[in-house]
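Structure assessment
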Amino acid sequence: LFAGEVDFLKGVVAMSGLPPDDRIEVCFAGRSNVGKSSLINAVTGRKALARASNTPGRTQEINFFTVGDDRYLVDLPGYGYANAPVNVVEKWQALLKQYLSGRASLRRAFVLIDSRHGIKPVDDEIMTLLDKSAVTFQVVLTKSDKIKPSQHDAVLDQVREKLSKHPAAFPELISTSSEKGDGIATLRAVIAGIT
Ligand code: GDP
């Protein structure tokens, strides 16, 4: 759907660096290691696209990709790093709050949740921030190939229960595996269909 028309634009460390908000924008958020880079690469069809955001030093940047000529795909820094220094976490939270509350063109956040783990407290915190910022968010389950169908039902129940407490949550969940390709076309279509 949009392979070949996605390009890395820039990494941003302060609000002053944001590109003009003249495109439809969606962002991806998730705990470190949730499979965010793999998912962005799978969705865009470009193997190494999100790798830049994973290299040391770039992990705190908000990375902007252009999709065609009318939208941005935004890779937010991973959260919940086990040993992140407090000042780094605080700086990141401040930038994230500013970005989420001040970005008129942001239509939807995709919050990635590992199918094996469900929603953790740190995910709940991000969802609360999205509620407060009035940014609609949709949960994307990752690594669905790692769990059995019975576990899948259990994680869906847990996620739905948690989401019922978040007014900004979009009701439909998307289950994906970047490894097997499951759900990737669905996610792509959702992104392409946002107006
Ligand atoms: P990030 O830190 O959120 O960007 O996570 P990565 O995309 O770097 O993935 C973290 C780890 O999970 C890597 O070892 C990936 O190979 C693995 N991974 C990511 N997506 C999948 C998936 O769909 N299935 C499986 N089995 N492993 C995955």
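Residues numbered from 1 in each chain as written. Predicted model: local features only at pLDDT ≥ 70, side-chain atom pairs only at ≥ 80, totals over all residues.

The condition is simple: UniProt positions are given in the numbering used here, feature names are shortened, and annotations may be inferred rather than shown by experiment.
Labelled according to an unreviewed UniProt entry, the chain appears under the name Probable GTP-binding protein EngB, originating from Marivita hallyeonensis. The UniProt entry for the chain carries the following comment under Function (unreviewed entry): "Necessary for normal cell division and for the maintenance of normal septation." UniProt, in the comment section headed Cofactor (unreviewed entry), describes the chain in these words: "Mg(2+)".

1. Points about the site of the ligand
To keep things clear, this is the line we draw: Contact assignment follows one rule, namely that a residue is near a molecule or strand if its backbone-placed C-beta atom lies within 6 Å of it. Going along the chain from the N terminus, every DSSP run of H or I of four or more residues is numbered as a helix, and every run of E of two or more is numbered as a strand. The nonpolar class holds Ala, Val, Leu, Ile, Met, Phe, Trp, Tyr, Cys and Pro. Asp, Glu, Lys and Arg form the charged class, and all remaining residues, Gly among them, are polar.
As a matter of local geometry, the ligand sits amid 17 residues, with Gly35, Lys36, Ser37, Ser38 and Glu179 nearest to it. Examining the composition of the shell around the ligand, we find that three residues originate from one element, helix α1 (residues 36-44), more than from any other. Counted by class, the shell around the ligand contains one nonpolar, 11 polar and five charged residues.

2. Notes on the sheet that holds strand β5 (residues 106-114)
Defined as follows: For two strands to be treated as a pair, DSSP must find at least two bridges joining them. Two residues qualify as a contact pair if the distance between their C-beta atoms, derived from the backbone, is within 7 Å. What counts as an axis is a line fitted to C-alpha atoms, over the stretch in contact for a helix, and the angles between N-to-C directions run from 0 to 180 degrees.
Within the open sheet, the seven strands sit side by side as β1-β3-β4-β2-β5-β6-β7. Their pairing is mixed. Taken across any chain shown, the strands that pair with only one partner, and hence form the sheet edges, are β1 (6-12) and β7 (174-175). Direction of pairing for strand β3 (residues 62-67) relative to strand β4 (residues 71-75): antiparallel, over a ladder of five bridges. Across the sheet, asparagine 63 pairs through a bridge with aspartate 75, a residue of β4. Against the sheet, α1 touches β1, β2 (24-30), β4, β5 and β6 (137-142), its axis set at about 145° to β2.

3. Here's the deal with the nonpolar core
For clarity, the cut-off: A set of buried residues qualifies as a nonpolar core if it consists of Ala, Val, Leu, Ile, Met, Phe, Trp, Tyr and Cys joined through C-beta atoms within 7 Å. Exposure classes come from backbone-placed C-beta atoms, where a residue is buried if 20 or more other C-beta atoms lie within 10 Å of its own, exposed if 12 or fewer do, and partly exposed in between.
Core analysis: the biggest nonpolar cluster contains 42 residues, and Phe28, Ala29, Val74, Val111, Leu112 and Ile113 have the highest contact counts within it. Examining the composition of this core, we find that six residues originate from one element, β5, more than from any other.

4. Observations regarding the packing of helix α2 (residues 86-102) against helix α3 (residues 121-133)
Inclusion rule: The cut-offs work like this: below 35 degrees is roughly parallel, past 145 is roughly antiparallel, 65 to 115 is roughly perpendicular, and the gaps in between are oblique. By definition, any crossing whose near helix is turned counterclockwise from its far helix by less than a right angle is left-handed, and any crossing with a clockwise turn is right-handed.
It is at 9 Å that the axes of α2 and α3 come closest, and there the two elements cross at 40°. Between α2 and α3, the crossing angle belongs to the class labelled oblique. Relative to α3, α2 is oriented so that their crossing is right-handed. Judged by residue contacts, Lys97, Leu100 and Ser101 of α2 engage Leu129, Leu130 and Ser133 from α3. Of the residues belonging to the contact of α2 with α3, the class tally is three nonpolar, two polar and one charged.

5. Here's the deal with α3
To be explicit about the condition: By definition here, a helix of n residues has an expected span of 1.5 Å times n minus one.
Taking 1.5 Å as the rise per residue, α3 with 13 residues should run 18 Å; its terminal C-alpha atoms sit 18 Å apart, in good agreement. Buried positions along α3 lie against β2, α2, β5 and β6. Directly beyond the C-terminal end of α3, a positive phi value near 55° is found at alanine 134.

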